[in-house]
Amino acid sequence: MTTAGGVSMNSGQWRQIKDLFAIVSEADTSDRPRILGEAAPEIAAEVERLLAHLDGHGPLDEPVLASVSPSASFFSPSLIGRIIGSYRVEREIGRGGMGTVYLASRVDGEFEQRVAIKTLRLGISSPAIAQRFRQERQILAGLQHPHIASLLDGGVTSDDVPYLVLEYIDGQPIDDYCAEHQLSLSARIDLFRQVLDAVSYAHRQLVVHRDLKPNNILVTKDGVVKLVDFGIAKLLGAADGLATADGWQAFTAAYAAPEQVFGQQVSTATDIYALGVILYLLLSGGVPYDVLGRAPGEVLDIIRDVQPPPPSTNVSTSAAVNRGFSRDEQLAKSLRGELDAIVLMALRKEPARRYQSATVFGDDLRAYLKGMPVSARPDTFSYRIGKLVRRRWPIVIGAAVGLVALLGGTGIALWQARAAREEARRAAIVSSFLQGMISSADVSGEARGARLGPGASVEEFVDSAVVRLPTALRGDPRGEMSLHIAFGKAYFTQERFRDAVMQFDTAIAIGRRLDGENSISVAKGLLESGRVEVASGQMQRAESLLTRAVTLYEQHDSIGAIDGISALSNLATAKAFIGIIAPAESLMRRALALENARSTRLSIAKASIVSGLGGIISLDGKRARETDSLWHRAVVMFDSLPNGNVSEKGLALWYEAAKEMANKHEARAESLGLAALAIHKRAAGPRSQSYANQLANLAANALAKNDTIGANAYISQALSIIVERKETNPLVKMRVELIAERYYLTIGNQELAERFVRQAFAEPVGTNPAYRGNAEFEVGAVMMVRHKYAEAETHLRTAVDQFLPFYSNAGLQTKTAWWYLAIVMDSTGRKAVGDSLRTLAMETEPAHPNRADAPKKKEVKPRKS
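1. Here's the deal with the overall build of the protein
Looking only at helices and strands, the protein features 35 helices and 13 strands. A total of 865 residues make up the protein; the buried ones form 52% of that total. A fraction of 63% describes how many contacts in the protein between residues 6 or more apart in sequence connect residues 24 or more apart. For the protein, the accessible surface area stands at approximately 37800 Å², while carbon and sulfur atoms represent 53% of it.

Here's what the structure looks like:
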C-alpha cells in the first residue's frame, strides 16, 4: 500500500492516477472536468491535487508519460523575498517539469548582477531525483559555450531545497522570436545553426540534452541563441538508473524521439530528432505530430509508427505571413525539396539513419544556403549536375577563359599560325578537362573514371580534378604545370597547406624538366610553395624556398615584377618569424621601393607590404612609435581601396586595437577588434586560422577588462576552430592556447591552465626570441602559481635570456620576468637574490598583465589557490 494526499492506495489505483494524470495534463483546461468526471471519485480527486501544482503550465511544456514516485513531495515553498547565497529572490519567471525558476539580484555589494535561480520542484524525498538535480549542476559546470547558459553557483537552501544559480537570459523562445521579428527562411536557418553549434559542443563533451524544445532555446534581443535547462541531460556512458529506481522519465511528447518514449538507449541522435522537430516548427509553423489531448498509448503509436509529413505540406497561414509570403503555397514551394529532405532526415525513426551529428546537420543547412547539394536529397545525377551548373557557371566559364590565357603565356603573335594552332589545341584540352570535371558528378552506371559522391563539396570537386589531371593533360606538360599551380592556389585558399605544397612541388618538377633548374617556371613554383610554408608556419623551409626564388628572379631581371616583389616580401616575413629581424626589414623595404617604382597607384600589394613592414618592426620591441606610424598608414591605405578588406587590413586594425587598449580606450579598442574580426571572417571564413587568431586577440582584451564571460565566448570558439582544423600554423595555435591558459588561470582553474600552457610550449614555432621567450614566460608564470618553483625558475630565466636582445632591461617583458623570478626566489628561501631581481624590476615598475597570477607590488609570494 502507498499513501497519496493522506489516502491509502494500492499499486493498481496508483497506476490509474498516473495514467489519468498524463492524459489530463495534456488536455485543454476546458476538457479536464469532462475527463475527470469519467473516473472514480477518489482517483479524480488525487489527480486534481496533482494538477493544482501545474499552475496553468501549457501541455507541451510539461514532461508527459512520467511515472512519478508516490513518495515524492509535489510542493516546494516559494522563495520570493528570500536571500539565497549572495542573491535576493525577486520574482518567479518560469516553471518546468522539474523545477521553478526565479529572477534574483546580487546583494553582497561586490557588483551588480541579475541571475536565474532554479529550484527542484519535486523536492528531494526521492533520492534518484535529488541525484538528477546534482547531476545537472555537475554537467552545467563543465559546459562553457557562448550559446549555452552558464552555471554560476549552486547549493541547498536552509530548508533542503536544492538550487542552481544560472546566467539570466533575457530572451524569447526561438519560435516566438522568429515570429515577432518575421524572420525570413534564411535568417531562421542561420539562427538555428547557432543552436546546432551549441548542441554539437555539448555532444563533444559527452552530454545529451534530452529535452530540446523552443522554451529551452532562448534568443536575446541581440539575436544571440542561448540553450537553457540541462535538467535531464545525461552524460553518455554514465549510469542512469532513474527509470528503474523511481520509474521517472522526463521529456516533452511533441519533441521526443521514438527511442526516448520507449525507454530505449538515448544518444546524441535523440537530440538530433528534437532539433528536427524544432526546425520543422520554425520553417512551417507547426509540429510533425498532433499529440495534444491524446491518450498516452495513442501518443506512443504515433511516435513509433506514423511517418511525419514534409514541412511543405504542413504550412500554416500565420507561418507564411510571418515569413513575408502572401500565400501558404509560396512558403510551401520554398520548403519543397532540400529543406523537406533535411528536416525529414533528422526525423527518421531509426537513430542510425538520422544525421550522424549536429555538425553534419549544420553542414547540410550551410550547403542549402550556398546553393550546394545537400546529403539528405536523393542521389540523382540530374539533381547534382543541376546544382553544380547553377552554382558554378561563372567559375566554369571564367576558369575556361582564365586557364586558356594562363596556358597561352604572353608575347604570342596572332599571325604566327603555328602558335595559334598550339593555343587552340591547348584551349580544347582545357575545355575537355573542365567538361570531365563537371561530368564527374555522374554516379550512374554509365559514368566512367573517377566519380564524385552525393553532395560533393568544392574541396571534393578540386580533389577529383587533381586526380584526373596527370592523365587528362598527359600530352601537354606545360598546361599540366600551369594547372598544378592553379589547383595549388585553390588548396592554399582552403588552408589545405600540405595538398597545396604537393601541387606546387609537382609544378616545380615539371618546370625543371621542361626549362631547366634555373628557369622562371621553377621560380614561380618556389614562390608559391614558399608562400604556403609561411602561412603554415614552416618558416625554415619557407626561407630556403624563397631565397632560391629571389635568386632566380634576380638572374632573370624580374625582381621588379609582381612575382619578384612577392618573393622578396614573403622572404622578409619568413626571416622575421625565424628571428632574423634586420635582414627581414631590409628585404621588406626593398620590396616596398620596387612596388613604388613599378606603379605609383595605390594597391592592395603596396598596403600589404607597408603592413608587413610594421609587423617586422614590431618584433624588434624597441621601435613602437615607428610601428604605430606604419600600421596606421596601412589602415588608411586599405580604407582608400574599394577592395581593401583583406586579412592584412585585419592585422593592422588589430594592432590599432591593441594600442587603444594599452591607452585605456576600451570602447575604441573593442570596436576596432570586432572590425578586424569581421574582415577576417569575410576574407578567410569563420573557420579559418586567421579568424581563430583574432578571436584569441579579442579574448585577451576581454581578460584585460576582467570580462571573463566575454573572454570565454571568444576563446571557446577559437579553440573549437583549431581543434577541428587538420592544419593550423603553430604560431596561431600557440597564440590561442596561451590565451586559453590565461583565461583558465584567471578563473582559478590551474589544472586546465597548465594543460594549455604545456600544449602551447610544445608547438613547433621555431627560434624567434619574441615568440619563444613569451612561451617560456607563460610556462614559468603558471608553474609559479602551481608552486612548481624549480620548473618556474628554469623557464623564467630562459625567458629573460630570450627577451634581453629585443627589449633590454628596460622592456616591460623583461621587467615582468625579473619580478616573477624574484617571487620564485623568495618562495624558495633565496630572498637576497629575490631582492636584487626586484631592484631590477622596480627601476620602472612594470604594468603587470591583468591576470589572476599577476603579483602585486608588495607581494613576496604568489596567491595561494
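2. Focus on the sheet that holds strand 12 (residues 225-227)
The strand order across the open sheet formed by 3 strands is 9-11-12, and the pairing between neighbours is antiparallel. Looking at strand neighbours, the two that pair on one side only are strand 9 (171-173) and strand 12, the edges of this open sheet. In this sheet, neighbouring strand axes are inclined to one another by 35° on average, regardless of whether the strands run parallel or antiparallel. Bridge analysis of strand 11 (residues 217-220) against strand 12 gives 3 bridges, and the strand direction is antiparallel. Each bridged residue has a counterpart across the sheet, and for Ile 217 the counterpart in strand 12 is Leu 227. Where helix 6 (residues 185-204) meets the sheet, it contacts strand 11 and strand 12, and its direction lies at approximately 35° from that of strand 12.

3. A closer look at the pattern of salt bridges
Per the stated rule, a full pass over the model turns up 39 salt bridges. Taking the shortest distance from any N to any O, the salt bridge between Asp 211 and Lys 213 comes out at 3.6 Å. When the shortest N-O distance is used, the salt bridge between Glu 259 and Arg 354 registers 2.9 Å. One end of the pair, Glu 259, is in helix 8 (residues 258-261); the other, Arg 354, is in the loop between helix 13 (338-346) and helix 14 (358-369), with 95 residues separating them in the sequence. Across the pair, exposure class does not vary: Glu 259 and Arg 354 are buried alike. Taken together, the shared-partner salt bridges connect Glu 751, Glu 754, Arg 758, Arg 786, Lys 788 and Glu 791 into one network.

4. Re the confidence of the model for the protein
For the protein, per-residue confidence averages 75 on the pLDDT scale, and 71% of positions sit at 70 or higher. Confidence, read as mean pLDDT per element, is least for helix 7 (residues 242-245) in the protein (32) and greatest for strand 11 (93). Note that pLDDT drops below 50 for residues 379-424; the model gives that stretch 60 contacts with residues more than four away or on any other chain. With pLDDT under 50 throughout, residues 438-456 is counted as low confidence; its partners more than four residues away or in other chains account for 39 contacts.

5. Regarding the pairing of strand 7 (residues 151-156)
With 5 bridges joining them, strand 7 and strand 8 (residues 162-167) adopt antiparallel strand pairing. Looking across to strand 8, one finds that Leu 151 is bridged to Leu 166. Counting the residues in the hairpin turn of strand 7 and strand 8 gives 5 residues, including Asp 160, whose phi is positive at 65°.

6. As for the environment of Val 306
Topologically, Val 306 is positioned in the loop between helix 10 (296-305) and helix 11 (317-322). Between the alpha carbons of Val 306 and Pro 288 there is a distance of 9.7 Å; along the sequence they are 18 residues apart. With residues near it in sequence (within four places) discarded, Val 306 still touches Tyr 289, Asp 301 and Lys 349.

7. A word on the side chain of Ser 200
By secondary structure assignment, the location of Ser 200 is in helix 6. Apart from residues no more than four positions distant in its own chain, Ser 200 is found in contact with Ala 358 and Thr 359.

8. Side note on the pairing of strand 11
Both faces of the sheet carry side chains from a regular strand, because those side chains alternate between them. Neither face of strand 11 is left uncovered, since the one carrying Ile 217 and Val 219 and the one carrying Leu 218 and Thr 220 both have all their residues buried. Of the strand pairs in this sheet, strand 9 and strand 11 are connected by 3 bridges, and their pairing is antiparallel. In the strand pairing of strand 11, Pro 173 is matched with Leu 218. Between strand 11 and strand 12, which pair antiparallel in sequence order, lie 4 residues; one of them, Gly 223, sits at a positive phi of approximately 80°.

9. Structural notes on the packing of aromatic side chains
By the definition in use, this model includes 6 aromatic pairs. Both rings, one in Phe 192 and one in Phe 361, keep their centres 5.7 Å apart while their planes meet at 65°; by these two values the pair is edge-to-face. With Phe 192 in helix 6 and Phe 361 in helix 14, the pair connects residues that are 169 residues apart, well separated along the chain. We note that Phe 192, like Phe 361, is buried. Ring centres 4.8 Å apart and planes at 10° place the aromatic pair Tyr 355 and Phe 361 in the stacked group. By the burial criterion, Tyr 355 is buried, and Phe 361 matches it.

10. A few points about the nonpolar core
Counting residues in hydrophobic clusters, the biggest one holds 107 residues, and the most contacted among them are Ile 715 and Val 736. Excluding residues that lie within four positions of it along the chain, Ile 715 makes contacts with Ala 696, Ala 699, Val 736, Ile 739, Ala 740 and Tyr 743. Counting residues in each nonpolar core, the second largest holds 63 residues, with Val 207, Val 277, Ile 342 and Ala 358 among its members.

11. Focus on helix 6
Taking 1.5 Å of rise per residue, 20 residues should cover 28 Å, and helix 6 covers 28 Å from first to last C-alpha, within 8% of that figure. Most of helix 6 sits inside the fold, with 14 of its 20 residues counted as buried. Note on helix 6: the residue one or two positions beyond its end, Leu 206, has a positive phi of about 65°.

12. Topic: the packing of helix 28 (residues 689-704) against helix 29 (residues 708-724)
Viewed as axis vectors pointing N to C, helix 28 and helix 29 meet at an angle of 155°, and their least axial separation amounts to 8 Å. In terms of their interaxial angle, helix 28 and helix 29 are classed as roughly antiparallel. Classified by chirality, the crossing of helix 29 by helix 28 is left-handed. Facing Tyr 691, Ala 692, Leu 695, Ala 696, Leu 698, Ala 699, Ala 702 and Leu 703 of helix 28, the residues of helix 29 in contact are Gly 710, Ala 711, Tyr 714, Ile 715, Gln 717, Ala 718, Ile 721 and Ile 722. Among the residues making up the contact of helix 28 with helix 29, the classes are represented as 14 nonpolar, 2 polar and no charged.

Procedures and definitions
Residues numbered from 1 in each chain as written. Predicted model: local features only at pLDDT ≥ 70, side-chain atom pairs only at ≥ 80, totals over all residues. Heavy atoms only, no water. Helix = DSSP H or I, 4+ residues; strand = E, 2+ residues; numbered from the N terminus. Buried < 20%, exposed > 50% of the residue type's maximum accessible area, 1.4 Å probe, protein only. Contact = heavy atoms within 4.5 Å. Areas by Shrake-Rupley, 256 points an atom, 1.4 Å probe, with all protein chains shown as cover. Pairing = 2+ DSSP bridges. Axes fitted to C-alpha atoms, helices over the stretch in contact; angles between N-to-C directions. Salt bridge = Lys/Arg side-chain N within 4 Å of Asp/Glu carboxyl O. pLDDT = per-residue confidence, 0-100. Phe/Tyr/Trp six-rings, centres within 6.5 Å; stacked < 30°, edge-to-face > 60°. Core = buried A, V, L, I, M, F, W, Y, C linked by side-chain atoms within 4.5 Å. Expected span 1.5 Å × (residues − 1). Parallel < 35°, antiparallel > 145°, perpendicular 65-115°, else oblique. Left-handed = near helix turned anticlockwise from the far one by under 90°. Nonpolar A, V, L, I, M, F, W, Y, C, P; charged D, E, K, R; others polar.

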